[in-house]
Amino acid sequence: MGNFFRDNDDLRFYFERWFDWDPIVRLTEVDYAMEGGFASLEEAREFYGDIVEMVGEFAADAIAPKWEQIERQHIELKDGEVVFPPVLSGIFDELASLGVHGLCVPRELGGMNAPLLVYMTNAEMFARADVGVMTHISFHCGIAMAMLVYSAKEGTTKIDAESRAFISTRFEEPIREIVEGRAWGSMDITEPDAGSDMAALRTRAVQDADGNWRITGQKIFITSGNAKYHIVIARSEPGDLGLDGLSLFLVKLYDEAPDGTKTWHGTISRVEEKLGHKSSPTCAIDFEDTPAHLLGRRGEGFRGMLLLMNNARIGVAFEAIGIAEAAYRLAKDYAVQRRSMGKTIDRHEMIAEALREMRTDIQALRAVTMHATYYEELAQKTSIALELGYTSDPDRVAQMTRDLKRYKWEARRVTPLIKYFGGEKAVEIARRGVQIHGGVGYTKDYQAEKLLRDAMVLPIYEGTSQIQSLMAMKDTLMGIIADPAGFAKRLAKTQWRALSAKDPLERRAANVELTALKAQSWLLSRTAAAKVGSVARRPPSDWAGELKKEWDPKRDFSLAMLHAERLTRLLFDAAACELLWGQSARFPERREVLERWLERAEPRSRAMYDELTTTGAALLAELERAEA
Ligand SMILES: Cc1cc2nc3c(=O)[nH]c(=O)nc-3n(C[C@H](O)[C@H](O)[C@H](O)COP(=O)(O)OP(=O)(O)OC[C@H]3O[C@@H](n4cnc5c(N)ncnc54)[C@H](O)[C@@H]3O)c2cc1C
């Protein structure tokens, strides 16, 4: 019997040794005071351990071996309904019976009240088995939790002040249906003329005289679009307000009578035939005067959608780790038995190096992704605890409010980096997997080509790699503009660590971080010089007042936009150094991982800095002429 948790030491390191579970469990179990909840950290951790062991075994034994059947049996659209082939119905039925759909949902609503960290650990293992299965099931728990959070934020969820248990929530019925595996959920953003550019969304929401909302428009590429419950973003405000004209809605695509007869409120017009992700239905949906329920406040749809998208982006990074882990292990197993020129190919230098780098990239990605998840969970749970008034102690509320700011910033800093690096690396690692297999890698007899096809969409959905880079670049540069003195301090501190830290490994890690900071400084000084000539030849610490002008990233950041992907790679290399050094300082056995990472990250970041600071002028001039 296989087990994708047991067989993975690096994954287990986080779960069993690295995380400080206490703050997460305290927030999840409301200081261990919940009725029917865990009385201690140990009890909670034991339960989480049981869950990941169970999922690890299920993923290894009941999903992964079925990859050929999954590839051959197709999801179809028949008489307006999505029909799953027997292999998938079997897997999804078994998953429902394991209770994973309600993993993070509170017990009072039928769930297990487990943390996001457990959910995402499972996500990696499911993705290693089959990423399409993972994306399809992730829209269960994710949508149920989103409904609960939206309801808490709009004040339609009530908790008991004594026991802190849920008394009622506006979406109890759909949440219970999802938890019990009787309904699915989906997130509907993309339209034929609006993908990355959400300001171009056209689906309309109109309110009648009685206050009821109706939606008209087409959404495309919707994962699990066969779902009963759709969270839809639509234009509700008159005029051209861009992102501020959007609101979020809960839309029921159909009602189901006890005999199973369905009454449709929208139409599934298409199920995409895709390169990969064969086990996940990707649908086009037409809404025509479809009844809808406003979620949160009018005009705040974009902000509301970000909540779902943050989790989804972290989820994609775990998809990437899962695919990359599968590709690496497959390639390694093949390489140790395939002989060429007198020895097995894993002994040939170039293949040995490729395998080593694949493994190292996966470990670095996991380090930053686990960190992102930890802070995203702290941010979400602290925010909900404050909304629902879990504590009335003013000092604690003040402390939680301060913590929330820090948690949010940390999650926001690293999330675009993992989505970017994860998507790009999953493709690169899966492609290397095909290469290591030689000719058979290009056939359907081996899973290597399936993994590559599955990986190809990761840099596209949930915000493309380019959009992630733009987000990382804008946050980074605007952060420096808001606090140039803070940036100067960070630069000086990192410079000092790179020169004087006692441990040579820390000096090397700090040097990579320094290169990323220098790239930021270079980009900002060039960008600022074009706008505020006076700062051109002065260090960031002197910029303070002069930079407090109005910035328009679209107009002012063309150089930084050109180099956004390069900057994002540098930021990722630096973040991985920072986190792997933190691990090495506490666990000496992690030094070896950092050493392997530095071996590639040091020369790579120097080359990237060089490229960033020397290329692009001619292209920018060309683009400027074309605009004129
Ligand atoms: C399998 C699959 C599942 C999906 N699931 C969902 C789902 O569940 N829900 C949902 O709403 N959507 C879903 N999508 C849609 C997906 O999120 C979009 O395809 C994605 O956001 C990109 O939008 P687009 O296809 O319109 O490409 P475009 O936005 O047209 O982008 C085309 C290219 O231009 C680049 N580009 C665009 N703007 C810029 C810019 N300013 N600077 C630099 N480069 C830029 C992009 O990076 C990309 O390379 C799914 C897609 C697929 C393939």
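Residues numbered from 1 in each chain as written. Predicted model: local features only at pLDDT ≥ 70, side-chain atom pairs only at ≥ 80, totals over all residues. Heavy atoms only, no water.

**Quick word on the site of the ligand**
Taken together, 19 residues are adjacent to the ligand, and T190, S196, F221, T464 and Q466 come closest. Within the backbone of I189, an N or O atom sits 2.8 Å from an oxygen atom of the ligand. The side chain of Q466 places a nitrogen or oxygen atom 2.7 Å from an oxygen atom of the ligand. For the ligand, the protein covers 65% of the area, taking 970 Å² as the surface of the free molecule. Of all elements in the fold, only β5 (185-188), β7 (213-223) and α13 (465-482) reach the threshold of two or more residues within the shell around the ligand. When its residues are assigned to classes, the shell around the ligand shows nine nonpolar, seven polar and three charged. Taken domain by domain, the shell around the ligand gets at least three of its residues from each of domain 2 (184-299) and domain 4 (465-627). (Near = heavy atom within 4 Å. Polar contact = N/O pair within 3.5 Å; in protein donor to acceptor, adjacent residues only side chain to side chain. Areas by Shrake-Rupley, 256 points an atom, 1.4 Å probe, with all protein chains shown as cover. Helix = DSSP H or I, 4+ residues; strand = E, 2+ residues; numbered from the N terminus. Nonpolar A, V, L, I, M, F, W, Y, C, P; charged D, E, K, R; others polar. Domains from an automatic or database assignment.)

**Remarks on the side chain of T382**
Its location among the elements puts T382 in helix α10 (residues 349-387). Looking at T382, the relative accessible area reads 3%, which means it is buried. Residue contacts for T382: discarding those within four places in its chain leaves L27, M400, L404 and Y407. (Buried < 20%, exposed > 50% of the residue type's maximum accessible area, 1.4 Å probe, protein only. Contact = heavy atoms within 4.5 Å.)

**Considering the domain arrangement of the protein chain**
Segmenting the protein chain into domains produces domain 1 (1-182), domain 2 (184-299), domain 3 (310-458) and domain 4 (465-627). One C-alpha centre belongs to domain 2, the other to domain 3, and the line joining them spans 30 Å. If you look at the interface, domain 2 gives four residues, while domain 3 gives six residues. Roughly 410 Å² is buried in total at the junction of domain 2 and domain 3, and carbon and sulfur atoms are behind 62% of that figure. Together, L275, G276 and H277 form the three largest contributors to the area buried by domain 2 at its contact with domain 3, with a combined 87%. (Buried area = accessible area lost by both parts, 1.4 Å probe.)

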